[in-house]
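Residues per chain, in single letters:
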Amino acid sequence: YGDKLYDKNPQTGKYRCFFCNKELRANFSRHISRHEIDGDQVNEQIRHAILNGLPLPPPSTNTPYESKISRDSSFSSSV
């Protein structure tokens with residue numbers, strides 16, 4: 001993906017997920033690996049902004065619980 005995508009924002013102390021646009025303080029690699037396992041696509045708008053030092057859109061506000069519900073319901077509907 002590029003090393004710069006894994007950099008922590010020095011102002012907020014958080015990582016920005018280039019798949020779902022969430023801000024995370026910890027467990028970033030685990031979060032990214034979950035997207036990879038699920039076959040999620042990189043958000044090209046976020047990727048481009050991070051790599052080029054452009055302003056980022058506001059972070060996603062889904063809680064981990066809401067994200068899990070969304071993932072689980074999309075999985076059960078595709079089975």
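Residues numbered from 1 in each chain as written. Predicted model: local features only at pLDDT ≥ 70, side-chain atom pairs only at ≥ 80, totals over all residues. Heavy atoms only, no water.

(A) Fine view of the overall build of the protein. Across its full length, the protein holds three helices and two strands. For the protein, the N- to C-terminal ordering of α and β elements is β-β-α-α-α. Considering only residue pairs separated by 6 or more positions, the protein has 42% of its internal contacts joining residues 24 or more positions apart. Surface accessibility of the protein: about 5700 Å² in total, with carbon and sulfur atoms responsible for 51%. (Helix = DSSP H or I, 4+ residues; strand = E, 2+ residues; numbered from the N terminus. Contact = heavy atoms within 4.5 Å. Areas by Shrake-Rupley, 256 points an atom, 1.4 Å probe, with all protein chains shown as cover.)

(B) Fine view of the state of the cysteines. Under the defined criterion, the tally for this structure stands at zero disulfides. A disulfide-free cysteine, C17 has its sulfur positioned 3.6 Å from the sulfur of C20, the nearest such atom. Judged by its relative accessible area of 0%, C17 falls in the buried class. Under the relative-accessibility criterion, C20 is labelled partly exposed at 23%. (Disulfide = S-S within 2.5 Å. Buried < 20%, exposed > 50% of the residue type's maximum accessible area, 1.4 Å probe, protein only.)

(C) Expanded view of helix α1 (residues 28-38). Listed in full, the buried residues belonging to α1 are F28, H31, I32 and H35. One face of α1 carries all of its buried residues, which in axial projection span an arc of 95°. Pointing more than 90 degrees away from the buried face of α1 are the exposed residues S29, R30 and I37. Of the surrounding elements, those touching the buried residues of α1 are β1 (15-16) and β2 (23-24). Positive backbone phi, approximately 75°, marks G39, located one or two places after α1. (Arc of directions from axis to C-beta.)

(D) Expanded view of the pattern of salt bridges. As enumerated under the stated definition, the model contains three salt bridges in all. The residue E23 makes a salt bridge to R16 at a minimum N-O spacing of 3.6 Å. Relative accessible area serves as the criterion here: at 30%, E23 is assigned to the partly exposed category. Residue class for R16 comes out buried when judged on its relative accessible area of 11%. The partner of E44 in a salt bridge is R47, and the shortest N-O contact between them spans 3.5 Å. Here the residue E44 and the residue R47 both occupy positions in helix α2 (residues 44-52), the gap between them amounting to three residues, near one helical turn. For E44, a relative accessible area of 49% translates into the label partly exposed. (Salt bridge = Lys/Arg side-chain N within 4 Å of Asp/Glu carboxyl O.)

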